[in-house]
Amino acid sequence: MEGVDHLAHERNKSEFDVDAMKIVWAGSPHAFDVSDRISKLVASDPGFRKDNRSTLSRKELFKNTLRKAAYAWKTIVDLRLSEEEAAKLRFYVDEPAFTDLHWGMFIPAIKGQGTEEQQQKWLPLAYKMQIIGCYAQTELGHGSNVQGLETTATFDPQTDEFIIHSPTLTSSKWWPGGLGKVATHAIAYARLIVGGREHGVNGFIVQLRSLEDHSPLLGITVGDIGMKFGNGAYNTMDNGVLRFDHVRIPRNQMLMRVSQVTCEGKYKQSDVPRQLVYGTMVYVRQTIVADASCALSRAVCIATRYSAVRRQFGSQNGGPETQVIDYKTQQSRLFPLLASAYAFRFIGEWLKWLYADVTQRLQANDFSTLPEAHACTAGLKSLTTTATADGIEECRKLCGGHGYLCSSGLPELFAVYVPACTYEGDNTVLLLQVARFLMKTVSQLGSSKKPVGTIAYMTRVEHLMQCRCGVQRGFAELSVDLVEAAVAHCQLIVVSKFIEKLQQEIPGKGVKQQLEVLCNIYALFLLHKHQGDFLSTGCITPKHAALANDELRSLYSQVRPNAIALVDAFNYTDHYLGSILGCYDGNVYPKLYEAAWKDPLNESVVPDGYHQYIRPLLKQEIRTARL
Ligand SMILES: CCCCCCCCCCCCCCCCC/C=C/C(=O)SCCNC(=O)CCNC(=O)[C@H](O)C(C)(C)COP(=O)(O)OP(=O)(O)OC[C@H]1O[C@@H](n2cnc3c(N)ncnc32)[C@H](O)[C@@H]1OP(=O)(O)O
Ligand SMILES: Cc1cc2nc3c(=O)[nH]c(=O)nc-3n(C[C@H](O)[C@H](O)[C@H](O)COP(=O)(O)OP(=O)(O)OC[C@H]3O[C@@H](n4cnc5c(N)ncnc54)[C@H](O)[C@@H]3O)c2cc1C
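Keep in mind the model is a prediction, meaning the values are calculated, not measured.

1. Some remarks on the overall build of the protein chain
- In terms of helices and strands, the protein chain carries 21 helices and eleven strands.
- In terms of overall size, the protein chain behaves like a compact globule, its C-alpha atoms giving a radius of gyration of 27 Å where 627 residues would be expected to give roughly 25 Å.
- Overall, the protein chain is about 90 × 75 × 65 Å in size when its C-alpha atoms are taken along their principal axes.
- By residue count, 50% of the 627 residues in the protein chain fall in the buried class.
- Sequence separation of 24 or more characterises 73% of the internal contacts of the protein chain that already satisfy a separation of 6 or more.
- Summed over its atoms, the accessible surface of the protein chain is roughly 30,000 Å², and 57% of this surface lies on carbon and sulfur atoms.

This is the structure in C-alpha cells:
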C-alpha cells in the first residue's frame, strides 16, 4: 500500500546512527545540507522528470536534454545558487549533457593552461554561458596516443595568427562531448608548428559557431557522430565530429601557460613540465573517482533494497519465503560492492586533497609530486571505473529478471556509466602509466631518492631488486604482469586510505564500527579474490586464507542487519535513483505492475501491425511451406 514503509522492519534492525552516517557519506554537515536540499529541489520539480527517457527518439531525447539544461541554468540564475549548489543541481538532474564538458573540461582547461590574461578574457564569458565550450582532443585516428594527434596549428608571422587544419581524415576530431550540435567554442589540441619546426601538442581556443545564428564558421565542418551504446543513456550527449579547413585564429588563442609563441615567431617553453598540457585530464580523472562512488552506490542501493524486498523459496509451513538478502551467495556478491562504494567515496575524498595539493605546489613551481599525482589519478580512475562498471552489472544480476527492466534504473545506469572505463583515458593505457611510474621508482631504489607517499612501501622490495638487478625483460614483454602490479598498487592505496579514514574522529553511535566492518570486508574480499597471488608469493599461508574466508562470512552476518540503513545513508531520492526496485518504501510489485501499463506499447490492446502481419498468419492466409 502507498504510504506504508515495506522496509521498516529492516530499518529498525540498524545498529548505528544513520543520520550521522549521512554526514560521513556527504563529507561534512554543510555538504550534506547542500546535497539534501538540492536533490529534493530537483526531485520535486516536474521540469526535471526523467522517467520517460527510454520512450523518446534520439532527436526528442536530445531536445529534451537541451530544454532541461536551459531550465537548470534558469533555476540556477533565478535562485542565485552558488557554484557548489549549481554543480549539485547538474549532478542530480542526472543526464549527460554538453554542460558536463563546458563546466567539467572547457573551463578547467582555461584555468589550468591559460595565462592570467587569457583567463581574464575567456572565463567570464564561459561562467555566464555566453559561450559554450568543449574539449576537442581525441581524433578519429588517435585518442590514447596524444602525441600522435594530427591536427596542425601553424603560426603565420605575417598575420600573427595560427592556422588550424585537419590534414587527414583520421585527424578529424571525434568524440568530444557537446561538440556535435551545441558548443560554440572548443579547446582544440593540435601539433604546434612554428617556422617549419614542430613543438608537440598544445591547446588552442577555436570558435566553431556563430554567436548570432549558431551556424558553423568558415572552414568548420561539425556534426554528431551518431547513436551510442544503449537507448536513452549517453545519447543525451552530442559527441561530435569536427574538421578544420585552414581556420585562422589570433595568436593569443593558444593556451600559453606551458609554452608560448611570440609575435616574432619565437617558441618558448616555460620552466614547467610539458605534461601540464595534460593537466585537465588529471583533474577530470580525480572527479571520475568521486563519480564512481556515486554510480556504484546507486546500483548497490537499488540491489540492496530489492534484495530485502524479494522473497524466493524457503517457506516453512506456509510462512513467508526467504528474503534473498539472507542467502550467503547473495551477501557474498552484494556486500563487497557495498563496501567498495564506501571505499571509493573515501579514496575520492583523498584524491581530491592530493589534486588540490599538487595544484597548490604547481603554483609555487614545485613539481615534486606531479608524477605521483599522475600515477594516482590514472590508476585510481582505472581501478574504480572498472570495479563500478562490473559492480553495476552485478547489481543488475542480483535483482534477477526485474533488474533487466528499464524501470529498475540499472540498464540505463550501466549504459551511461560504462564509457567511464574508456573516456579520460582507456583503463589499460592508464594502468601502464602506473606501471611505468612503479618501474621508475624501483629503478631508483638504492639511490639517494627514497620513495615517499603512496610508494613508501617500496623500500621493502629493495632487497628484491638488489638480487634481481640486471635481470630485466622488456616493459612491453612484462606489461600484463606490470598492469596487475599496478592494480595491486592502487588497491593498496584504497585500503590504506580507508584505514586512515577510520583513524579520524567519526561521530555517531556505531558509525565507526560499521565502517570498520566495511573496510575489513573490502580488504578481505580482495585477499580472497587474489589469494593465489598471496599464497604463491608466501605472503599468507593456506591457514591464513581459510581464516580470511571464515572472517568474511562473519563480517557479512554483521553487515546484514545494517544493510538497508547503510544504503539509506547515501540519502538518494527516489527521483535520483530512478528505480522501482530501489524505491525507499520497498513497495515494488504494485509500482512495477502500474509502470508496465504506461508503456506506449500498451496504448492499444491490439498492437499496430496485427491486421497487416499477424492476422494473415493466424488465418493461414499466408502460403506456408508444406510442413
Ligand atoms: C544515469 C546515470 C549516470 C551516473 C553515472 C555518472 C557518470 C557521469 C555521467 C556523465 C558525465 C559526463 C562527464 C564525462 C567527462 C569525461 C568526458 C571525456 C573526456 C575525454 O575523454 S578527454 C580525452 C582523454 N584522453 C586521454 O585521457 C588520453 C590518454 N593518453 C594520455 O594521457 C597520454 O597519451 C599518455 C599519458 C598515455 C602518454 O602520454 P605521452 O606519450 O606524452 O607520455 P609518455 O607516456 O611518453 O610519458 C612521458 C612522461 O610524462 C609523464 N606523464 C604522462 N602523462 C602525464 C600527466 N597527465 N601528468 C603528469 N605526467 C604525465 C609520464 O609519467 C612520463 O614520465 P617519466 O618520468 O618520463 O616516466
Ligand atoms: C562516451 C565518450 C566520451 C568522450 N568524450 C571525449 C571528450 O569530450 N573529448 C575528447 O577529446 N575525447 C573524448 N572521448 C574519447 C576518449 O578519450 C578516447 O576514446 C579514450 O581516450 C580512448 O582512446 P582510443 O579511443 O584511442 O582507444 P585506443 O587506444 O584505440 O584503445 C583500443 C585498445 O587498444 C589498447 N591500447 C592502446 N594503446 C595501448 C598501449 N600502448 N599498450 C597496450 N594497449 C594499448 C587499449 O587498451 C584498448 O584495449 C570520449 C570517449 C567516449 C567513449
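Structure shown, so let's carry the discussion forward.
2. Topic: the pattern of salt bridges
- What the rule picks out here adds up to 34 salt bridges.
- Residues R11 and D5 are paired through a salt bridge, measuring 2.9 Å at the closest nitrogen-oxygen approach.
- A relative accessible area of 27% means that D5 is categorised as partly exposed.
- Each of the salt bridges in this network shares a partner with another, and the network as a whole consists of K50, R53, K68, D94, E95, R298 and E412.

3. Some remarks on the site of ligand 1
- Around ligand 1 sit 33 residues, and of these S144, Y278, E424, R436 and K440 come closest.
- R285 is positioned such that a nitrogen or oxygen atom in its side chain is 2.8 Å from an oxygen atom of ligand 1.
- Put simply, the parts of the chain that give the shell around ligand 1 at least two residues each are α6 (98–113), α8 (279–309), α10 (370–398), α11 (410–417) and α12 (427–443).

4. A short note on the packing of aromatic side chains
- This structure, assessed with the given rule, holds 22 aromatic pairs.
- Between F162 and F204 the ring centres are 5.1 Å apart and the planes differ by 70 degrees, which places this aromatic pair in the edge-to-face class. You can see F162 sitting in strand β3 (residues 161–165) and its partner F204 sitting in strand β6 (residues 197–207), a full 42 residues away along the chain.
- For F162, a relative accessible area of 0% puts it in the buried group.
- Classification of F204 by relative accessible area gives buried; the value is 0%.
- Each ring, one from Y342 and one from F570, has its centre 5.5 Å from the other, and the planes form 40 degrees; the classification is tilted. With Y342 in helix α9 (residues 328–363) and F570 in the loop between α18 (563–568) and α19 (574–577), this residue pair connects regions lying 228 residues apart in the sequence. Per residue, the accessibility class of Y342 equals that of F570, and both read buried.
- Grouped by ring-pair contacts, the aromatic residues W25, F91, Y92, Y342, F346, F498, F570, Y572 and Y576 constitute a single cluster.
- Over the ring of Y576 we find R298; its NZ or CZ atom is 4.2 Å from the centre of that ring.

5. Some thoughts on a nonpolar patch on the surface
- Residues Y613, I614, L617 and L618 make up a contiguous nonpolar surface patch of roughly 420 Å² in combined accessible area.
- With respect to the element layout, L617 can be found in helix α21 (residues 610–618).
- For L617, a relative accessible area of 47% puts it in the partly exposed group.

6. A few points about the packing of α6 against α8
- Running from amino to carboxyl end, α6 crosses α8 at an angle of 130 degrees, the nearest separation of the two axes being 9 Å. Relative to α8, the element α6 lies oblique. Classified by chirality, the crossing of α8 by α6 is right-handed. Residues G104, M105, P108, A109 and Q113 of α6 touch α8, and the partners they reach there are G279, T280, Y283 and V284.
- For the contact of α6 with α8, the class distribution of residues is five nonpolar, four polar and no charged.

7. Here we look at the site of ligand 2
- If you check the shell around ligand 2, you find 20 residues, and the closest are Y135, T138, S144, G177 and D426.
- A distance of 2.7 Å separates a nitrogen atom of ligand 2 from a polar atom in the side chain of T138.
- Within the contact set of ligand 2, an oxygen atom lies 2.5 Å away from a side-chain nitrogen or oxygen of S144.
- Protein chains shield 62% of the accessible area of ligand 2, which is 980 Å² for the free molecule.
- At three residues, the largest contribution of residues to the shell around ligand 2 is made by α12.

8. With respect to the environment of F367
- Inspection of the secondary structure assignment puts F367 in the loop between α9 and α10.
- Using a relative accessible area of 21% as the deciding quantity, one classes F367 as partly exposed.
- Linking F367 and P273, residues 94 residues apart in sequence, is a C-alpha distance of 7.9 Å.

9. Some points on unusual backbone geometry
- Look at D160: it is not a glycine, yet its phi comes out positive at around 55 degrees.
- Residue position: D160 is located in the loop between β2 (152–156) and β3.
- Judged by relative accessible area, D160 falls into the partly exposed class, the value being 28%.
- Look at H246: it is not a glycine, yet its phi comes out positive at around 50 degrees.
- Turning to its location among the elements, H246 is positioned in the loop between β8 (240–244) and β9 (247–250).
- What makes H246 partly exposed here is its relative accessible area of 49%.

10. Quick word on the sheet that holds strand β4 (residues 173–174)
- The antiparallel open sheet is built from three strands, whose spatial order is β4-β8-β7. Each edge of the sheet is formed by a strand with only one pairing partner; in this case those strands are β4 and β7 (220–224).
- For β4 and β8, the ladder comprises two bridges, and the chain directions are antiparallel. Following the sheet pairing, K173 is matched in β8 by L242.

11. Section: the UniProt feature "active site" (unreviewed entry) in the protein chain
- Under the local residue numbering, the UniProt record ascribes the feature "active site" (unreviewed entry) to E424.
- Considering the arrangement of structural elements, one finds E424 in the loop between α11 and α12.
- The residues touching E424, leaving out its near neighbours within four places in the chain, are M105, M281, V284, R285, I288, K381 and L430.

12. Quick look at the confidence of the model for the protein chain
- In this model, the protein chain carries a mean pLDDT of 94, and residues with pLDDT of at least 70 account for 96%.
- Model confidence for the complex: the whole-complex pTM is 0.95, and ipTM, which rates the interface, is 0.96.

What counts, and at which threshold
- Residues numbered from 1 in each chain as written.
- Chains lettered and ligands numbered in written order.
- Predicted model: local features only at pLDDT ≥ 70, side-chain atom pairs only at ≥ 80, totals over all residues.
- Heavy atoms only, no water.
- Helix = DSSP H or I, 4+ residues; strand = E, 2+ residues; numbered from the N terminus.
- Rg over C-alpha atoms; globule rule 2.2 N^0.38 Å.
- Buried < 20%, exposed > 50% of the residue type's maximum accessible area, 1.4 Å probe, protein only.
- Contact = heavy atoms within 4.5 Å.
- Areas by Shrake-Rupley, 256 points an atom, 1.4 Å probe, with all protein chains shown as cover.
- Salt bridge = Lys/Arg side-chain N within 4 Å of Asp/Glu carboxyl O.
- Near = heavy atom within 4 Å.
- Polar contact = N/O pair within 3.5 Å; in protein donor to acceptor, adjacent residues only side chain to side chain.
- Phe/Tyr/Trp six-rings, centres within 6.5 Å; stacked < 30°, edge-to-face > 60°.
- Lys NZ or Arg CZ within 6 Å of the ring centre and 35° of its normal.
- Patch = residues over 30% accessible without salt bridge, like charges linked within 9 Å, V, L, I, M, F, W, Y side chains within 5 Å.
- Axes fitted to C-alpha atoms, helices over the stretch in contact; angles between N-to-C directions.
- Parallel < 35°, antiparallel > 145°, perpendicular 65-115°, else oblique.
- Left-handed = near helix turned anticlockwise from the far one by under 90°.
- Nonpolar A, V, L, I, M, F, W, Y, C, P; charged D, E, K, R; others polar.
- Pairing = 2+ DSSP bridges.
- UniProt positions renumbered as here; feature names shortened; annotations may be inferred.
- pLDDT = per-residue confidence, 0-100.

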